[in-house]
Every structure is written in structure tokens, then in C-alpha cells.
Amino acid sequence: MRMPRSAAWWIIPVIVLVIAAVGGALWWMSADPALSAPAPSGPGGAGTARGEILRTALAVGAGVGAAVTLMLAFRRQRHQEIATAHATHDATERRVTDLYTKAAEQLGHEAAAVRLAGLYALERLAQDNPGHRQTIVNVICAYLRMPYTPPEPAPVPDPERDRKAALQAARRRYQAARAGISLPAEPAPQERAGDREGEVQVRLTAQRILTAHLRDEHPADQRSTLPAAPAFWEGMRLDLTGATLIDFDLTGGHVTEALFNKATFIGFTRFDAATFTKNAEFREATFTENVRFTRATFTKNAWFVMATFTEGAGFIRTTFTGNAWFAGATFTKAAGLGGAVVNDPAADHAWPDGWCVEVTPEGTGHLIREEADGVPAGED
């Protein structure tokens, strides 16, 4: 908002304008032959004509002054409205900042329930304030990028073993008490099982918040004509470099850019029908179990360089519009790339060993499996 000018900047031009209006009116009326004709003889005739001219000129000046005053009043009112709008916007931004700060602080709390509350507070804040969605997505991604070691499976309960351990501990305490020896207190566990399980739930919730708001429920052929769903956060970028993701499910998601470099995917991972409108990077990513990219669309470049697929990997009917690199990727078990479509077969691609592109009459390409002697073996 521009700062208002000083009062002198307005007063002097107004005075000059009024004087000019009065002088112009006097000159025009004096030049009019009907008004400048000799006044009728008699007492007060000439004075009456000059008085009428003067009153008319002063009325013109008063009208000009009133118009300028009205303009200044409108300007003052407009300035007050703009100032009120700015004050309201600043108050809203301060409120959003306070809520964002408190929610972000909750993510650092030691209790899993408080961290969950912080995630839900951030989700609500992003839903109500579209301009802050990318920042909040960045915060959630940063939480998922924090170092994390999944808990080991709980040991199988053995009541007999637990009973023997309890008896041995009781015997040691009894013998120490009879000998007058005080045993040191047993050290408290560094991390309770509930805390480990709570962190798993927090991370699963963070993943669900991201994936739920990256899905557009409209049919693919109507997304360009229908407005986006209220819960859909359009144009988001994901940076999950080095993150540990558990049962990550981005089915039907729409992401502008996705970075999963050196990420570890634990459990069943799904990218079915996902759309990446810009680059998607999975460099050196590790998939410990099955992963599916069925009917996924990579509009720009897709990097799977040095990625490791421990279990099955399905890229069935996946569409690669830009370049695709699988150089150095390791598929421990079966890799399904059958039916994948390559829009530009002549582009810079690096497919997994044993796969090649068969160019169709339409100019696109289909990934097919080839045998050792180079003869195509068909889709798989």
C-alpha cells in the first residue's frame, strides 16, 4: 500500500483550481454580450448585474471545491478500506504462522500421541490455506526423512522361559538380601515397545496424509474440465530422499515432481495409476517387497538408476513419455514390464537387461522381453 501524500500536496492544487474556476467563470460571463450589455437605467441597475456575475462565479468555485472535497473523501475511505484489508491479511498470516509453529513443535515431542496431533493440525492448516500447502508438505516430508530404524519383530512369547527368568531374578534378590548386599537397580529400557510402535503409527499417518491429498477422484477424461476436488492438493512436490517408507501407497496420485533417491520402501509399495508430471527419481532406491507401477504415467524423465528390487516389480502398462533409465537396476525376482508404452522410442533410454523396445506402426514403442539370442520372447 502506497503511503499517503502530505496535506499541502492536496491543499495548494485545490486552491489554485478554485481560483481558476472563479476567474474562468468571471471571464466567460463578462465576454458574453448578453451579460455585458449596459444595465438598465435606474438606481442599482449596474450593481445588480455585477452582483449576479460575481455570485455565479463564486457558485462555480464552490461547486468545484465540493467536487474536490468529495474526491478526497472517497480517496480517504478507499485508503481506510485498503488499510483494513492489509491489517486483516496480516492478522490472518500471524495466526497461520502461530498455528504452524505450534504444530511443527508438536512433531518434535517425545510422545507419539502429541506428534499425531501435530500432523493432523498441519493437515487442517494446509486444507484451509492453499498458499501454505507446499510448505506443510515439505515439513511432513522432512519428518519422514528423519533417521529411522524399523522395530524388529517381537519375540515369540515363551511363558516357561519367562517363568524361569523371573525365578532366577527372585533367587538373586533373596540371596543378596540374606548376605546384606544391595543389588543395583535394573536399568530402564532405552525405548519401550510402545514407543517404537507409536513411531510406526506416526509415520504411517504422515504417509496417509500425503497420499490422501494427492489423489484426484475425478475420472481421467474429466480432470481438465471439472474443478479439482476440495481435498486434492494440486501441484505438490515430494522430496523423500533417503526416507524410510512403510507400505507406501500412492495409487492414483498426481505429483508434480517426486524425489525418492536412496529411499527404502518396506512392505508392499503401490504406484498404480500414479501420474508424475515432472521428473521422478528413484536413484539407488531399495524396495524390500513387491512394488507396482501398473498404469503409471511418467510425463517427464524417470530415473531408476541403481535401484534394487528385492521382490517382484510390476511396470505393467506403464507409460514413459520422457526418458527412462534403469541402468544398473537390480531385479532379484521377476520384473513385469509387459505392455509398458514408450512414446519416444528414439529417446535416451536405459532398460533393464533382457528388455527391449518394439516400435509400433504408430511410432510409439512397447517393452518386450528378449531371449539370450536376441529373439523377442514377448511380454512378461
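Fair warning: this is a prediction, and the values are worked out from it, not measured in the lab.

1. Regarding the overall build of the chain
Here's step 1: Each helix and strand counted, the chain has seven helices and 22 strands in total.
Here's step 2: The buried share among the 380 residues of the chain stands at 33%.
Here's step 3: Restricting the contact set of the chain to residue pairs at least 6 apart, pairs at least 24 apart contribute 36%.
Here's step 4: As displayed, the chain offers around 22,600 Å² of accessible surface, 58% of which is attributable to carbon and sulfur atoms.

2. Looking at the nonpolar core
Here's step 1: Counting 62 residues, the largest nonpolar core has Phe 260, Phe 271 and Phe 282 as the members making the most contacts within it.
Here's step 2: Mapped by element, the contributors of at least two residues to this core are helix H3 (45-106), helix H4 (112-128), helix H5 (133-145) and helix H7 (193-212).
Here's step 3: Counting residues per element, this core draws most heavily on H5, which supplies seven residues.
Here's step 4: Residues contacting Phe 260, with those up to four places away along its chain left out, are Leu 238, Leu 240, Leu 245, Phe 248, Phe 265, Phe 271, Glu 281, Phe 282, Arg 283 and Ala 285.

3. Regarding the sheet that holds strand S5 (residues 264-266)
Here's step 1: In space, the five strands of this open sheet follow the order S2-S5-S9-S13-S17, with parallel pairing throughout. At either margin of the open sheet sits one strand with a lone partner, and together these are strand S2 (244-246) and strand S17 (330-331).
Here's step 2: Note: S2 against S5, three bridges, orientation parallel. Within S5, the position partnered with Ile 246 by the bridge is Ile 266.

4. Side note on the pairing of strand S21 (residues 365-370)
Here's step 1: As paired strands, strand S19 (residues 341-342) and S21 are joined by two bridges and run antiparallel to one another. Paired with Val 341 across the bridge in S21 is His 366.
Here's step 2: When strand S20 (residues 355-359) meets S21, the two strands line up antiparallel, connected through five bridges. Of the residues in S21, the one forming a bridge with Cys 356 is Ile 368.
Here's step 3: Count of turn residues in the S20/S21 antiparallel hairpin: five residues, of which Gly 363 carries a positive phi of about 95°.

5. Overview of unusual backbone geometry
Here's step 1: The backbone of Asp 247 sits at a positive phi, close to 50°, despite the residue not being glycine.
Here's step 2: Its relative accessible area of 43% is what places Asp 247 among the partly exposed residues.
Here's step 3: Positive phi is not limited to glycine here, since Glu 284 has a value of about 55°.

6. Remarks on the packing of aromatic side chains
Here's step 1: A complete count under the given rule lists 33 aromatic pairs for this structure.
Here's step 2: Arranged with centres 5.8 Å apart and planes meeting at 50°, the rings of Phe 248 and Phe 271 form a pair that is tilted. Residue Phe 248 is located in the loop between S2 and strand S3 (254-255), and its partner Phe 271 is located in the loop between strand S6 (269-270) and strand S7 (275-276); the two are separated by 23 residues in the primary sequence.
Here's step 3: Overall, Phe 248 belongs to the buried group, its relative accessible area being 1%.
Here's step 4: Note on Phe 271: relative accessible area 0%, which makes it buried.
Here's step 5: In this structure, Arg 270 packs its charged tip against the face of Phe 268, placed 4.0 Å from the ring centre.

7. Observations regarding the packing of H4 against H5
Here's step 1: Two elements in contact, H4 and H5, have axes whose closest approach is 9 Å; the angle formed by their N-to-C orientations is 155°. Our classification of the angle between H4 and H5 gives roughly antiparallel. Crossing handedness for the pair H4 and H5: left-handed. Within the contact between the two elements, H4 uses Arg 115, Leu 119, Leu 122, Leu 125, Ala 126 and Gln 127 and H5 uses Arg 133, Ile 136, Val 139, Ile 140 and Tyr 143.

8. Thoughts on the confidence of the model for the chain
Here's step 1: Per-residue confidence for the chain averages 80 on the pLDDT scale, and 76% of its residues sit at or above 70.
Here's step 2: The spread of mean pLDDT over the elements of the chain runs between strand S22 (residues 376-378), the lowest at 49, and strand S1 (residues 237-239), the highest at 96.

9. Focus: the sheet that holds strand S18 (residues 335-336)
Here's step 1: Spatially, the four strands line up as an open sheet ordered S6-S10-S14-S18, and their pairing is parallel. Only two strands of the sheet have a single partner each, and these edge strands are S6 and S18.

10. As for the side chain of Thr 318
Here's step 1: Among the structural elements, Thr 318 can be located in the loop between strand S14 (313-314) and strand S15 (319-320).
Here's step 2: By relative accessible area, Thr 318 is classed as buried at 0%.
Here's step 3: Once residues within four sequence positions are removed from consideration, Thr 318 is found in contact with Phe 293, Thr 294, Arg 295, Ala 296, Phe 298, Gly 339, Ala 340 and Val 341.

11. Looking at the pattern of salt bridges
Here's step 1: Under the counting rule described, the total for this entry stands at seven salt bridges.
Here's step 2: The salt bridge partner of Arg 215 is Asp 249, with a shortest N-O separation of 4.0 Å. Of this pair, Arg 215 sits in the loop between H7 and S1 while Asp 249 sits in the loop between S2 and S3, placing them 34 residues apart in sequence.
Here's step 3: Among the residues examined, Asp 249 registers a relative accessible area of 26% and is labelled partly exposed.

12. Looking at H5
Here's step 1: With 13 residues, H5 extends 18 Å from end C-alpha to end C-alpha; this agrees with the ideal 18 Å at 1.5 Å per step.
Here's step 2: Within the sequence span of H5, burial applies to Arg 133, Gln 134, Ile 136, Val 137, Val 139, Ile 140, Cys 141, Tyr 143 and Leu 144.

Rules behind the numbers
- Residues numbered from 1 in each chain as written.
- Predicted model: local features only at pLDDT ≥ 70, side-chain atom pairs only at ≥ 80, totals over all residues.
- Heavy atoms only, no water.
- Helix = DSSP H or I, 4+ residues; strand = E, 2+ residues; numbered from the N terminus.
- Buried < 20%, exposed > 50% of the residue type's maximum accessible area, 1.4 Å probe, protein only.
- Contact = heavy atoms within 4.5 Å.
- Areas by Shrake-Rupley, 256 points an atom, 1.4 Å probe, with all protein chains shown as cover.
- Core = buried A, V, L, I, M, F, W, Y, C linked by side-chain atoms within 4.5 Å.
- Pairing = 2+ DSSP bridges.
- Phe/Tyr/Trp six-rings, centres within 6.5 Å; stacked < 30°, edge-to-face > 60°.
- Lys NZ or Arg CZ within 6 Å of the ring centre and 35° of its normal.
- Axes fitted to C-alpha atoms, helices over the stretch in contact; angles between N-to-C directions.
- Parallel < 35°, antiparallel > 145°, perpendicular 65-115°, else oblique.
- Left-handed = near helix turned anticlockwise from the far one by under 90°.
- pLDDT = per-residue confidence, 0-100.
- Salt bridge = Lys/Arg side-chain N within 4 Å of Asp/Glu carboxyl O.
- Expected span 1.5 Å × (residues − 1).

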